[in-house]
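Here's the letter readout for the chains.
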Amino acid sequence: MSARNLGTELDLSWISKIQVNQPAVLRRAQQIQARRTVKKEWQAAWLLKAVTFIDLTTLSGDDTSSNVQRLCYKAKYPIREDLLKALNVHDKGITTAAVCVYPARVCDAVKALKAAGCAIPVASVATGFPAGQTHLKTRLEEIRLAVEDGATEIDVVINRALVLTGQWEALYDEIRQFRKACGAAHLKTILATGELGSLTNVYKASMIAMMAGSDFIKTSTGKETVNATFPVAVVMLRAIRDFFWKTGNKIGFKPAGGIRSAKESLAWLSLVKEELGAEWLTPALFRIGASTLLSDIERQIYHHVTGRYAAYHDLPMS
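Residues numbered from 1 in each chain as written. Predicted model: local features only at pLDDT ≥ 70, side-chain atom pairs only at ≥ 80, totals over all residues. Heavy atoms only, no water.

A. A look at the overall build of the protein chain. Secondary structure summary: the protein chain contains 13 helices and eight strands in total. Rg of the C-alpha trace for the protein chain: 19 Å, near the compact-globule value of 20 Å for 318 residues, within the 12% margin. Across its three principal axes, the protein chain shows a C-alpha extent of roughly 55 × 45 × 35 Å. Per-residue burial over the protein chain gives 53% buried out of 318 residues. Within the protein chain, counting contacts between residues at least 6 apart in sequence, those at least 24 apart form 79% of the total. Of the roughly 14,000 Å² of accessible surface on the protein chain, a fraction of 52% belongs to carbon and sulfur atoms. Averaging the locations of the 40 positively and 30 negatively charged side chains of the protein chain gives two centres separated by 4 Å. (Helix = DSSP H or I, 4+ residues; strand = E, 2+ residues; numbered from the N terminus. Rg over C-alpha atoms; globule rule 2.2 N^0.38 Å. Buried < 20%, exposed > 50% of the residue type's maximum accessible area, 1.4 Å probe, protein only. Contact = heavy atoms within 4.5 Å. Areas by Shrake-Rupley, 256 points an atom, 1.4 Å probe, with all protein chains shown as cover. Lys, Arg positive; Asp, Glu negative; His and termini not counted. Charge placed at Lys NZ, Arg CZ, Asp CG, Glu CD.)

The following block contains the structure:
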(Lines give C-alpha, C1' and ligand atoms only; values in the text may rest on other atoms or scores of the structure.)
Protein backbone atom coordinates (compact mmCIF):
# COMPACT_ATOMS: atom_id res chain seq x y z
CA MET A 1 0.00 0.00 0.00
CA SER A 2 1.05 3.62 -0.56
CA ALA A 3 1.74 6.18 2.17
CA ARG A 4 -1.31 6.91 4.30
CA ASN A 5 -3.54 9.85 3.49
CA LEU A 6 -3.66 11.98 6.64
CA GLY A 7 -6.46 14.05 5.16
CA THR A 8 -6.83 17.84 5.05
CA GLU A 9 -9.07 20.47 6.58
CA LEU A 10 -12.57 20.52 5.10
CA ASP A 11 -12.60 23.14 2.31
CA LEU A 12 -16.23 23.83 1.45
CA SER A 13 -15.32 26.73 -0.86
CA TRP A 14 -13.73 24.16 -3.18
CA ILE A 15 -16.80 21.91 -3.00
CA SER A 16 -19.29 24.71 -3.70
CA LYS A 17 -17.59 25.70 -6.98
CA ILE A 18 -17.77 22.23 -8.53
CA GLN A 19 -19.88 21.65 -11.62
CA VAL A 20 -19.26 18.57 -13.77
CA ASN A 21 -19.61 18.92 -17.56
CA GLN A 22 -21.69 15.80 -18.18
CA PRO A 23 -21.59 15.72 -22.03
CA ALA A 24 -17.77 15.98 -21.99
CA VAL A 25 -17.50 13.19 -19.40
CA LEU A 26 -19.80 10.94 -21.46
CA ARG A 27 -17.74 11.58 -24.60
CA ARG A 28 -14.54 10.65 -22.75
CA ALA A 29 -16.16 7.46 -21.41
CA GLN A 30 -17.30 6.47 -24.93
CA GLN A 31 -13.75 6.94 -26.27
CA ILE A 32 -12.41 4.42 -23.76
CA GLN A 33 -15.09 1.84 -24.55
CA ALA A 34 -14.71 2.23 -28.32
CA ARG A 35 -10.95 1.72 -28.35
CA ARG A 36 -9.52 -1.49 -29.78
CA THR A 37 -7.73 -3.62 -27.24
CA VAL A 38 -4.15 -4.91 -27.39
CA LYS A 39 -3.62 -8.39 -28.85
CA LYS A 40 -1.47 -11.51 -28.49
CA GLU A 41 1.47 -11.43 -26.04
CA TRP A 42 0.78 -7.78 -25.16
CA GLN A 43 -2.75 -8.71 -24.14
CA ALA A 44 -1.47 -11.65 -22.07
CA ALA A 45 1.01 -9.37 -20.28
CA TRP A 46 -1.65 -6.76 -19.49
CA LEU A 47 -4.07 -9.43 -18.28
CA LEU A 48 -1.46 -10.83 -15.90
CA LYS A 49 -0.94 -7.28 -14.64
CA ALA A 50 -4.71 -6.94 -14.16
CA VAL A 51 -4.68 -10.06 -11.93
CA THR A 52 -2.33 -8.28 -9.50
CA PHE A 53 -4.89 -5.47 -9.04
CA ILE A 54 -7.86 -7.71 -8.15
CA ASP A 55 -9.38 -7.65 -4.68
CA LEU A 56 -10.75 -11.20 -4.93
CA THR A 57 -14.12 -10.91 -3.27
CA THR A 58 -16.86 -13.04 -1.77
CA LEU A 59 -19.77 -11.16 -0.20
CA SER A 60 -22.61 -13.68 -0.14
CA GLY A 61 -25.04 -14.59 2.59
CA ASP A 62 -23.98 -18.22 2.27
CA ASP A 63 -20.22 -17.63 2.73
CA THR A 64 -18.63 -20.33 4.88
CA SER A 65 -15.10 -20.85 6.21
CA SER A 66 -14.47 -23.48 3.51
CA ASN A 67 -15.39 -21.25 0.55
CA VAL A 68 -13.32 -18.42 2.06
CA GLN A 69 -10.44 -20.92 2.31
CA ARG A 70 -10.84 -21.81 -1.38
CA LEU A 71 -10.95 -18.12 -2.30
CA CYS A 72 -7.68 -17.55 -0.41
CA TYR A 73 -6.04 -20.47 -2.23
CA LYS A 74 -7.18 -18.95 -5.55
CA ALA A 75 -5.79 -15.56 -4.49
CA LYS A 76 -2.38 -17.14 -3.96
CA TYR A 77 -2.54 -19.22 -7.16
CA PRO A 78 -4.75 -17.12 -9.48
CA ILE A 79 -3.50 -18.62 -12.76
CA ARG A 80 -2.72 -22.29 -13.36
CA GLU A 81 0.98 -23.08 -12.91
CA ASP A 82 1.42 -24.74 -16.33
CA LEU A 83 0.04 -21.61 -18.05
CA LEU A 84 2.45 -19.37 -16.13
CA LYS A 85 5.33 -21.68 -17.05
CA ALA A 86 4.37 -21.51 -20.72
CA LEU A 87 4.61 -17.70 -20.47
CA ASN A 88 7.83 -17.92 -18.42
CA VAL A 89 6.38 -15.92 -15.52
CA HIS A 90 5.95 -18.78 -13.02
CA ASP A 91 8.67 -17.29 -10.79
CA LYS A 92 7.18 -13.77 -10.66
CA GLY A 93 5.00 -14.44 -7.60
CA ILE A 94 1.76 -13.37 -9.32
CA THR A 95 -1.09 -13.20 -6.78
CA THR A 96 -4.22 -11.10 -6.46
CA ALA A 97 -3.86 -7.80 -4.55
CA ALA A 98 -6.10 -8.78 -1.62
CA VAL A 99 -8.96 -10.99 -0.48
CA CYS A 100 -12.16 -9.13 0.46
CA VAL A 101 -14.77 -10.66 2.82
CA TYR A 102 -17.47 -9.79 5.33
CA PRO A 103 -16.26 -8.88 8.88
CA ALA A 104 -17.42 -12.23 10.29
CA ARG A 105 -15.19 -14.07 7.80
CA VAL A 106 -11.98 -12.05 8.40
CA CYS A 107 -10.60 -14.62 10.88
CA ASP A 108 -11.17 -17.42 8.34
CA ALA A 109 -9.33 -15.50 5.62
CA VAL A 110 -6.40 -14.51 7.87
CA LYS A 111 -6.05 -18.13 9.03
CA ALA A 112 -6.23 -19.57 5.49
CA LEU A 113 -3.64 -17.14 4.09
CA LYS A 114 -1.32 -17.74 7.04
CA ALA A 115 -1.60 -21.51 6.51
CA ALA A 116 -0.74 -20.97 2.83
CA GLY A 117 2.35 -18.98 3.85
CA CYS A 118 1.00 -15.97 2.00
CA ALA A 119 1.25 -12.26 2.80
CA ILE A 120 -1.79 -11.16 0.75
CA PRO A 121 -3.76 -8.55 2.75
CA VAL A 122 -7.30 -9.21 3.97
CA ALA A 123 -9.83 -6.47 3.24
CA SER A 124 -13.19 -6.35 4.97
CA VAL A 125 -16.32 -4.42 4.12
CA ALA A 126 -17.80 -2.55 7.10
CA THR A 127 -20.10 0.25 8.31
CA GLY A 128 -23.40 -1.50 7.60
CA PHE A 129 -22.45 -2.72 4.13
CA PRO A 130 -24.06 -2.37 1.61
CA ALA A 131 -26.71 0.21 2.66
CA GLY A 132 -24.79 2.07 5.40
CA GLN A 133 -28.06 2.61 7.24
CA THR A 134 -27.09 1.36 10.70
CA HIS A 135 -26.26 3.61 13.68
CA LEU A 136 -22.89 5.35 13.54
CA LYS A 137 -21.80 3.70 16.81
CA THR A 138 -22.47 0.24 15.31
CA ARG A 139 -20.65 1.12 12.10
CA LEU A 140 -17.55 2.27 13.98
CA GLU A 141 -17.55 -0.85 16.16
CA GLU A 142 -17.75 -3.02 13.03
CA ILE A 143 -14.55 -1.40 11.73
CA ARG A 144 -12.75 -1.94 15.04
CA LEU A 145 -13.75 -5.61 15.24
CA ALA A 146 -12.64 -6.31 11.65
CA VAL A 147 -9.25 -4.68 12.36
CA GLU A 148 -8.91 -6.68 15.61
CA ASP A 149 -9.52 -9.87 13.64
CA GLY A 150 -6.67 -9.04 11.26
CA ALA A 151 -8.12 -7.00 8.37
CA THR A 152 -5.50 -4.52 7.14
CA GLU A 153 -7.83 -2.78 4.68
CA ILE A 154 -11.37 -1.64 5.45
CA ASP A 155 -13.89 -0.89 2.68
CA VAL A 156 -16.49 1.39 4.28
CA VAL A 157 -19.77 2.59 2.79
CA ILE A 158 -20.87 6.18 3.17
CA ASN A 159 -24.29 7.34 4.27
CA ARG A 160 -25.73 8.29 0.86
CA ALA A 161 -28.40 10.51 2.46
CA LEU A 162 -25.68 12.96 3.53
CA VAL A 163 -24.65 13.41 -0.12
CA LEU A 164 -28.20 13.64 -1.45
CA THR A 165 -29.06 16.35 1.10
CA GLY A 166 -25.74 18.20 0.74
CA GLN A 167 -24.59 17.63 4.34
CA TRP A 168 -20.90 17.79 3.47
CA GLU A 169 -19.62 18.62 6.96
CA ALA A 170 -21.49 15.64 8.44
CA LEU A 171 -20.09 13.36 5.71
CA TYR A 172 -16.56 14.65 6.36
CA ASP A 173 -16.94 14.09 10.12
CA GLU A 174 -18.24 10.53 9.66
CA ILE A 175 -15.39 9.54 7.36
CA ARG A 176 -12.87 11.12 9.77
CA GLN A 177 -14.28 8.86 12.47
CA PHE A 178 -14.04 5.84 10.15
CA ARG A 179 -10.42 6.78 9.47
CA LYS A 180 -9.65 6.95 13.20
CA ALA A 181 -11.39 3.59 13.88
CA CYS A 182 -9.23 1.96 11.16
CA GLY A 183 -6.04 2.65 13.13
CA ALA A 184 -3.18 1.29 11.02
CA ALA A 185 -5.53 -0.33 8.49
CA HIS A 186 -6.03 1.42 5.14
CA LEU A 187 -9.40 3.08 4.53
CA LYS A 188 -11.17 2.46 1.21
CA THR A 189 -14.34 4.56 0.97
CA ILE A 190 -17.20 3.21 -1.16
CA LEU A 191 -19.28 6.03 -2.63
CA ALA A 192 -22.10 3.83 -4.05
CA THR A 193 -22.11 6.15 -7.07
CA GLY A 194 -25.23 4.57 -8.60
CA GLU A 195 -27.21 6.08 -5.71
CA LEU A 196 -25.71 9.61 -5.60
CA GLY A 197 -28.01 11.21 -8.16
CA SER A 198 -25.52 13.14 -10.33
CA LEU A 199 -21.92 13.23 -11.54
CA THR A 200 -21.46 16.52 -9.66
CA ASN A 201 -22.39 14.72 -6.43
CA VAL A 202 -19.92 11.94 -7.32
CA TYR A 203 -17.11 14.52 -7.64
CA LYS A 204 -18.07 16.27 -4.39
CA ALA A 205 -18.35 12.99 -2.43
CA SER A 206 -14.98 11.88 -3.86
CA MET A 207 -13.35 15.11 -2.73
CA ILE A 208 -14.89 15.02 0.76
CA ALA A 209 -13.78 11.38 1.19
CA MET A 210 -10.20 12.30 0.26
CA MET A 211 -10.16 15.40 2.48
CA ALA A 212 -11.37 13.20 5.36
CA GLY A 213 -8.44 10.81 4.99
CA SER A 214 -9.54 8.00 2.66
CA ASP A 215 -6.61 6.07 1.19
CA PHE A 216 -8.79 4.85 -1.70
CA ILE A 217 -12.11 5.86 -3.20
CA LYS A 218 -14.24 3.05 -4.59
CA THR A 219 -17.17 3.25 -6.98
CA SER A 220 -19.70 0.75 -5.65
CA THR A 221 -20.64 -2.03 -3.27
CA GLY A 222 -21.54 -4.32 -6.18
CA LYS A 223 -25.04 -4.54 -4.68
CA GLU A 224 -26.54 -1.40 -6.27
CA THR A 225 -28.58 -1.47 -9.48
CA VAL A 226 -25.83 0.54 -11.22
CA ASN A 227 -22.25 -0.23 -10.23
CA ALA A 228 -18.87 0.68 -11.79
CA THR A 229 -19.38 2.72 -14.97
CA PHE A 230 -16.86 4.63 -17.08
CA PRO A 231 -18.49 8.09 -16.75
CA VAL A 232 -18.38 7.81 -12.96
CA ALA A 233 -14.76 6.59 -13.16
CA VAL A 234 -13.71 9.60 -15.27
CA VAL A 235 -15.17 11.95 -12.63
CA MET A 236 -13.56 10.08 -9.70
CA LEU A 237 -10.16 9.87 -11.42
CA ARG A 238 -10.19 13.59 -12.17
CA ALA A 239 -11.10 14.30 -8.55
CA ILE A 240 -8.09 12.18 -7.52
CA ARG A 241 -5.90 14.15 -9.95
CA ASP A 242 -7.19 17.52 -8.65
CA PHE A 243 -6.61 16.40 -5.04
CA PHE A 244 -3.07 15.32 -5.93
CA TRP A 245 -2.32 18.65 -7.64
CA LYS A 246 -3.62 20.57 -4.63
CA THR A 247 -2.15 18.46 -1.78
CA GLY A 248 0.57 16.21 -3.25
CA ASN A 249 -1.29 13.16 -1.85
CA LYS A 250 -1.81 10.19 -4.17
CA ILE A 251 -5.17 8.53 -3.49
CA GLY A 252 -6.04 5.08 -4.84
CA PHE A 253 -9.00 4.17 -7.06
CA LYS A 254 -11.09 0.99 -6.95
CA PRO A 255 -13.89 0.25 -9.43
CA ALA A 256 -16.11 -2.59 -8.22
CA GLY A 257 -19.32 -4.31 -9.23
CA GLY A 258 -20.16 -5.77 -12.63
CA ILE A 259 -16.57 -6.01 -13.95
CA ARG A 260 -16.63 -9.55 -15.30
CA SER A 261 -14.71 -9.75 -18.58
CA ALA A 262 -10.98 -9.69 -19.30
CA LYS A 263 -11.60 -7.17 -22.08
CA GLU A 264 -13.31 -4.78 -19.63
CA SER A 265 -10.42 -5.06 -17.19
CA LEU A 266 -8.04 -3.85 -19.93
CA ALA A 267 -10.26 -0.82 -20.54
CA TRP A 268 -10.11 0.03 -16.82
CA LEU A 269 -6.31 -0.24 -16.81
CA SER A 270 -5.96 2.01 -19.85
CA LEU A 271 -8.38 4.59 -18.41
CA VAL A 272 -6.36 4.84 -15.17
CA LYS A 273 -3.08 5.03 -17.11
CA GLU A 274 -4.38 7.82 -19.37
CA GLU A 275 -6.05 9.89 -16.64
CA LEU A 276 -3.49 9.52 -13.84
CA GLY A 277 -0.34 8.08 -15.42
CA ALA A 278 1.53 4.78 -15.23
CA GLU A 279 2.58 5.47 -11.63
CA TRP A 280 -1.02 4.75 -10.55
CA LEU A 281 -0.87 1.26 -12.09
CA THR A 282 0.30 -0.42 -8.92
CA PRO A 283 -1.74 -2.35 -6.31
CA ALA A 284 -0.88 0.45 -3.86
CA LEU A 285 -3.04 2.87 -5.91
CA PHE A 286 -5.35 0.79 -8.08
CA ARG A 287 -7.62 -2.17 -7.32
CA ILE A 288 -10.49 -3.91 -9.08
CA GLY A 289 -13.18 -5.36 -6.85
CA ALA A 290 -14.40 -8.57 -8.48
CA SER A 291 -15.57 -12.10 -7.84
CA THR A 292 -15.87 -13.58 -11.35
CA LEU A 293 -13.39 -11.49 -13.39
CA LEU A 294 -10.44 -13.74 -12.55
CA SER A 295 -12.13 -16.74 -14.19
CA ASP A 296 -12.43 -14.92 -17.52
CA ILE A 297 -8.85 -13.62 -17.36
CA GLU A 298 -7.57 -17.15 -16.73
CA ARG A 299 -9.69 -18.38 -19.65
CA GLN A 300 -8.13 -15.78 -21.97
CA ILE A 301 -4.61 -16.71 -20.79
CA TYR A 302 -5.44 -20.38 -21.44
CA HIS A 303 -6.56 -19.45 -24.98
CA HIS A 304 -3.38 -17.43 -25.58
CA VAL A 305 -1.19 -20.38 -24.49
CA THR A 306 -3.11 -23.29 -26.10
CA GLY A 307 -4.97 -21.65 -29.00
CA ARG A 308 -8.32 -22.93 -27.75
CA TYR A 309 -10.82 -21.99 -25.06
CA ALA A 310 -10.97 -24.06 -21.90
CA ALA A 311 -14.07 -25.86 -20.77
CA TYR A 312 -15.23 -24.37 -17.47
CA HIS A 313 -14.25 -27.51 -15.55
CA ASP A 314 -10.63 -27.07 -16.77
CA LEU A 315 -10.29 -23.85 -14.79
CA PRO A 316 -12.26 -24.21 -11.56
CA MET A 317 -12.31 -21.30 -9.11
CA SER A 318 -11.12 -23.58 -6.28
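Text resumes after the structure shown.
B. Expanded view of unusual backbone geometry. The amide bond that connects phenylalanine 129 to the next residue, proline 130, takes the cis arrangement and shows omega of 0°. Among the secondary structure elements, proline 130 is positioned in the loop between strand E3 (122–126) and helix H7 (136–148).

C. Summary view of the packing of helix H10 (residues 199–211) against helix H11 (residues 230–247). Interhelical geometry of H10 versus H11 gives an angle of 40° and a closest axis separation of 9 Å. By the angle between their axes, H10 is oblique relative to H11. You can see that H10 and H11 cross each other, and the crossing is right-handed. In contact with Leu199, Val202, Tyr203, Ser206, Met207, Met210 and Met211 of H10, H11 contributes Pro231, Val232, Val235, Met236, Arg238, Ala239, Ile240, Asp242 and Phe243. Class assignment for the residues of the contact of H10 with H11 results in 13 nonpolar, one polar and two charged. (Axes fitted to C-alpha atoms, helices over the stretch in contact; angles between N-to-C directions. Parallel < 35°, antiparallel > 145°, perpendicular 65-115°, else oblique. Left-handed = near helix turned anticlockwise from the far one by under 90°. Nonpolar A, V, L, I, M, F, W, Y, C, P; charged D, E, K, R; others polar.)

D. Looking closely at H7. If you check H7, its first and last C-alpha atoms are 19 Å apart, about what 13 residues at 1.5 Å a residue would give, namely 18 Å. At the C-terminal side of H7, glycine 150 shows a positive phi close to 115°. (Expected span 1.5 Å × (residues − 1).)

E. Seen up close, the sheet that holds strand E8 (residues 288–290). Read across the open sheet, the eight strands follow the order E7-E6-E5-E4-E3-E2-E1-E8; overall the sheet is parallel. Of all the strands in the sheet, just strand E7 (252–254) and E8 have a single pairing partner and so form its edges. Averaged over all adjacent pairs, the angle separating strand axes in this sheet is 25°, with direction ignored. Taken together, the four bridges between E3 and strand E4 (residues 153–157) define a ladder with parallel strand orientation. By the bridge assignment, alanine 123 is partnered in E4 with glutamate 153. Along the sheet, H11 contacts strand E6 (216–218) and E7; its crossing angle with E7, the most-contacted strand, is approximately 170°. (Pairing = 2+ DSSP bridges.)

F. Region of interest: the packing of aromatic side chains. Summed over the entire model, instances satisfying the criterion amount to seven aromatic pairs. For the pair tyrosine 73 and tyrosine 77, a centre-to-centre distance of 4.9 Å together with 50° between the ring planes defines the contact as tilted. The partly exposed category is assigned to tyrosine 77, whose relative accessible area is 38%. Residues phenylalanine 253 and phenylalanine 286 carry aromatic rings whose centres are separated by 6.4 Å and whose planes lie at 10° to one another, so their mutual orientation is stacked. Of the two residues, phenylalanine 253 is situated in strand E7 and phenylalanine 286 in the loop between helix H12 (262–276) and E8; the sequence distance between them amounts to 33 residues. Just as phenylalanine 253 is buried, phenylalanine 286 falls in that class too. (Phe/Tyr/Trp six-rings, centres within 6.5 Å; stacked < 30°, edge-to-face > 60°.)

G. The arrangement of helix H2 (residues 22–34) in detail. Given a rise of 1.5 Å per residue, 13 residues ought to cover 18 Å, and the 18 Å separating the end C-alpha atoms of H2 matches this to within 8%. Where H2 is buried, its residues contact H10, H11 and H12.

H. Fine view of the pattern of salt bridges. If you walk through the whole model with that rule in mind, you get 22 salt bridges. Two residues, lysine 188 and aspartate 155, come together in a salt bridge whose shortest N-O distance is 3.0 Å. Separated by 33 residues along the polypeptide, lysine 188 in strand E5 (residues 186–190) and aspartate 155 in strand E4 bring together distant segments of the chain. Notably, a salt bridge pairs glutamate 275 with arginine 238, separated by 2.9 Å at the nearest N-O pair. Taken as a pair, glutamate 275 in helix H12 and arginine 238 in helix H11 lie far apart in primary sequence, 37 residues in all. Linked through salt bridges whose partners overlap, the residues forming this network are Asp55, Glu153, Asp155, Lys188, Lys218, Lys254 and Arg287. (Salt bridge = Lys/Arg side-chain N within 4 Å of Asp/Glu carboxyl O.)

I. Structural view of the side chain of threonine 127. Note on placement: threonine 127 falls in the loop between E3 and H7. Within the structure, the side chain of threonine 127 is placed 2.8 Å from the backbone nitrogen of valine 157, a separation counted as a polar contact. (Polar contact = N/O pair within 3.5 Å; in protein donor to acceptor, adjacent residues only side chain to side chain.)

J. Seen up close, the UniProt feature "active site" (unreviewed entry) in the protein chain. Mapped onto the present numbering, the UniProt feature "active site" (unreviewed entry) falls on Lys218 and Lys254. On the basis of their most widely separated C-alpha atoms, the annotated residues across 37 residues gather in one place, lying no more than 4.4 Å apart. Of the residues named above, Lys218 and Lys254 line the largest pocket. The topology assignment puts lysine 218 in strand E6. Given the relative accessible area of 4%, lysine 218 is considered buried. One can find lysine 254 in strand E7. Excluding residues that lie within four positions of it along the chain, lysine 254 makes contacts with Asp55, Asp155, Lys188, Phe216, Ile217, Lys218, Thr219, Arg287, Ile288 and Gly289. (UniProt positions renumbered as here; feature names shortened; annotations may be inferred. 1 Å grid on protein atoms, 1.4 Å probe; cavity = no way out; pocket = protein on both sides within 12 Å on 5 of 7 lines; lining within 4 Å.)

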